[in-house]
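# Topology and contacts: notes
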Amino acid sequence: MSKPPTGIAAELELDVGRLRRERYAKLQAQMAADGLDALVLLHGPHVAYATDCLPIAADATHVSANRPVAVVLADQSQPCLLGGDSDGLDVDPYPAVWSDIDEGAADLGAQLDAILGRIAHGGRVGIDLMTGAMRRVGVLSAADITDAANTMAAVKLHKTVDELACIHQAQVRTSAAMATVQEALVPGVRRSELAAVFLRRLREEGIDANMIDVIFQPMARRMADGPRTTTGHLAFPTWSGDPVYAEGDLIWVDAGSDYHGYASDFGRTWVVGRPPTPAEQRCFERWLAVMDASYEAIVPGATFAEVCAAATAADAAHQPHGERPWMPHFYLVHGVGIESAEMPFLGTDNGPDFDAANILEPGMVLVLEPAIWDDGTGGYRSEEIVAITDDGWIPLGGGHPYDPFEVPT
Amino acid sequence: MSLHLQRRARAVDALASTGIDFLVAGRQDHINYITGAHQLWTAGARPFGPVCTLNVATEEIFLLSTWDEGVPEDIDLDHLHGITWSGAVIYQRLAATPDIAAAQRVGIDAWSPGMAGLLSAVAPNAEIVPADDILLETRRTKLPSEVDAIRAACAVAAAAAAAALAHPGSDAQRLAAGVEAMALAGSSTPAAEPQAEGNIVDFSCIRSHYEGGLGRTANGAPPDARPHAALIAACVPGATGHDLRQAAPDGDWLVRGLGMGFEPPVINSRYGAHETLEANMVVSVSATTAAEYARDTVLVTESTPEILSPEEP
């Protein structure tokens, strides 16, 4: 088992029409279950879920300045899209809105009133976000407003086969770009040079949506030499800066980009310019043992707590203080989809009761990211993605090698 | 005084003048303005959540960050809130903010039904009001160091535009060359989505919190004859949105604020007729005619406008 999982999901092929139909049907069913007459969505990934108008990978200020808005009415055959590029989408298009400025928010309010009709007056409307301008001009002030967060969380939790295909594609392409970056990692290279290679290669792989400023963080070998933290543990991932890497530097890598609105999550540990020391290799082998135990425990019906317990037991011999083999500000596992981190979360500060009360179900996607630390040596952290099936799981992504660490035979 | 403390003082003055006693901010640009913290950049707007809490009277700040890397020294480790995945923890932290229970007026920079309920619970006597407009009004006029930061960001964007214009390949290859050059020049974080389409390019970046950008047409007109030349010339103190409309060419055009990303005012053929430009505002000025597209980053001065983006490319 101690090899990067590979291959099976390569057969997943994206059918965009089916992706749209199945998501929209789930949304309609969830709205009925939640008693909603309409959904008004401004958060980019939510708009993409409802309409397939994909989020733009730009700074938050630009994305929010004239963001598209999706309106979903119960029992209507397709959504309304205000602004955005509606070419080729199955939507009723409306003019663009500038929801961050008062004049634009007033236009948005008028469009919503026209679309919603009598629903705007006392109807049950789920909304995920309002800008200050929308509050100032009184958008939807006569509707019965509720938070759309629960509705969206419910539809996102279990992926359709096309959503799995998107995540798989995002991961394969991010991984291909990273293979080139690793070749460029030599003593004396700067972080900005690695970022440049990565961003160029991503686009050559057909991805124009890099979603996070790519992380090549040099890790201090002792926690006490790193930044101070609220947890007393590791600081990762911090903001980038532009460090120059020297031979023997331990680099924790993390990247995420979107394919058709779905996120990848690439994580690896690299050593600059030399093979890992035996102590570094031992950290990797502890990490592999935690992964193997986790893979074994991941079955539909398992509680989050059971997976956490299996992962913890696999490293217990190395943890005199009973620490768990992942960073305390994160998790053993997070989900991924239209957001880079979404439910399910396993091993977070939601606590043991939360982990005991929630179970793995088919269609959930898990990013496993245990982290091993041996103070003085440094540590090892990588990430792998799996999707829960009816009887187990399949890997998503392309079996990226763990070089320069060696998987024992 | 360091730049972020100068900015914070301006924001605090503006918030205090409207009677706001606490600000609960979720938008990264507002948080950067007030704290000066360098935090990991992510694309896209996040859902609204309490990332930074500011007591306007005492200037005590609580910031969501598990580590002190990138956080200025004036915010102590014991005022950092580590990353959390728990709604209960978010509530407990907000509720534990000294004096917030007695707040009369809490400003927020976005709104959701869930967060509104949470804020009403921790500040039961407070009016919860949008404060994004107060912060953005404060941010309109720039301090000299902010102008320097914008100018530096413009140079980075110009390197990207030059690389894309010089590349002989397809649009996709030119975009790839542009973002690669931008990272090498100092920014791996775009402001707007980069553009390379036919003979037109437009690149912008966020570098050290500030935006810079420009747009060009290959083999276009000299600067004085570019489609936005008259609009730039009209960007003087006292000019109204209506005045800019008179100066605009036929075709699409936009004058909008630029600083820590996209900012008001927004002035185009539909919006912003009532807006008035002031000295020390920085605006992005763009226009498209049948022949050409051009965009520049422009500082409004007491005399003629100063173009902060390089003339070439």
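Residues numbered from 1 in each chain as written. Chains lettered and ligands numbered in written order. Predicted model: local features only at pLDDT ≥ 70, side-chain atom pairs only at ≥ 80, totals over all residues. Heavy atoms only, no water.

## Focus on the pairing of strand 3 (residues 61-64) of chain B
Residues and elements named next belong to chain B. To be explicit about the condition: Only strands joined by at least two bridges in the DSSP assignment are considered to pair. Comment: elements are numbered from the N terminus, with helices defined as DSSP H or I runs of at least four residues and strands as E runs of at least two.
Both strand 2 (residues 52-55) and strand 3 contribute to a ladder of 3 bridges, which runs antiparallel. Counterpart to Cys 52 in the pairing with strand 3 is Leu 63. In sequence, strand 2 turns back onto strand 3 through a hairpin of 5 residues, with Glu 59 there showing a positive phi of about 65°. Relative to strand 4 (residues 80-81), strand 3 runs parallel, the two being bridged by 2 bridges.

## Side note on the sheet that holds strand 17 (residues 384-388) of chain A
All names here are of chain A. Filter applied, for reference: Here the axes come from fitting lines to C-alpha atoms, over the contacting stretch only for helices, and the angles between their N-to-C directions go from 0 to 180 degrees. Contacts were defined at the residue level, with two residues in contact if any of their heavy atoms lie within 4.5 Å.
Read from one edge to the other, the open sheet built from 5 strands follows the order 13-12-14-17-18, with strand pairing classed as antiparallel. For this open sheet the edge positions go to strand 13 (342-346) and strand 18 (393-396), each flanked by a neighbour on one side alone. For this sheet the average axis-to-axis angle between neighbouring strands, irrespective of direction, equals 30°. As paired strands, strand 14 (residues 365-368) and strand 17 are joined by 4 bridges and run antiparallel to one another. The residue bridging Leu 366 from the neighbouring strand is Val 386, located in strand 17. Packing against the sheet, helix 9 (residues 278-297) makes contact with strand 14, strand 17 and strand 18, and its axis sits at approximately 5° to strand 17.

## Some details on the interface of chain B and chain A
Worth spelling out the cut-off: By buried area we mean the combined loss of accessible area, with a 1.4 Å probe, across both parts when two parts are placed together. The working definition used for a salt bridge is a side-chain nitrogen of Lys or Arg within 4 Å of a carboxyl oxygen of Asp or Glu.
Across the boundary between the two partners, chain B contributes 62 residues, which contact 61 residues of chain A. Interface area for chain B against chain A, summed over the two sides, is near 5400 Å², with a carbon-plus-sulfur share of 61%. On the chain B side of the interface with chain A, the three residues burying the most area are Trp 67, Trp 85 and Trp 111 of chain B, jointly 16% of the side's total. At the junction of chain B and chain A, the tally comes to 6 salt bridges.

## Looking at the environment of Met 260 of chain B
Counting through the fold element by element, Met 260 of chain B comes out in the loop between strand 10 (253-259) and strand 11 (261-267). For Met 260 of chain B and Asn 32 of chain B, which are 228 residues apart along the polypeptide, the C-alpha to C-alpha distance reads 8.2 Å. Other than its neighbours up to four places away in sequence, Met 260 of chain B contacts Thr 61 of chain A together with Arg 7, Asp 29, Asn 32, Tyr 33, Arg 139, His 209 and Tyr 210 of chain B.

## Here we look at the domain arrangement of chain B
Residue and element names in this part refer to chain B. Quick note on the threshold: Just so you know, the domain bounds were taken from an automatic or database domain assignment. For this analysis, a polar contact is any N or O atom pair within 3.5 Å, provided that within protein one partner can donate a hydrogen and the other can accept it, and provided that sequence-adjacent residues contribute only side-chain to side-chain pairs.
Looking at chain B, the domain boundaries give domain 1 (3-137) and domain 2 (144-307). Distance from the C-alpha centre of domain 1 to the C-alpha centre of domain 2: 31 Å. At the interface, 11 residues of domain 1 touch 10 residues of domain 2. Where domain 1 abuts domain 2, roughly 950 Å² becomes buried across the two surfaces, and 67% of that area is made up of carbon and sulfur atoms. Among the residues domain 1 hides against domain 2, the three largest losses belong to Leu 3, Trp 41 and Leu 136. Together they make up 47% of the total. For the pair domain 1 and domain 2, the number of links is 1 salt bridge. Between Arg 10 and Glu 146 there is a salt bridge, and its shortest N-O distance comes to 4.0 Å. The interface formed by domain 1 and domain 2 includes 2 residue pairs in polar contact (both at pLDDT 80 or more).

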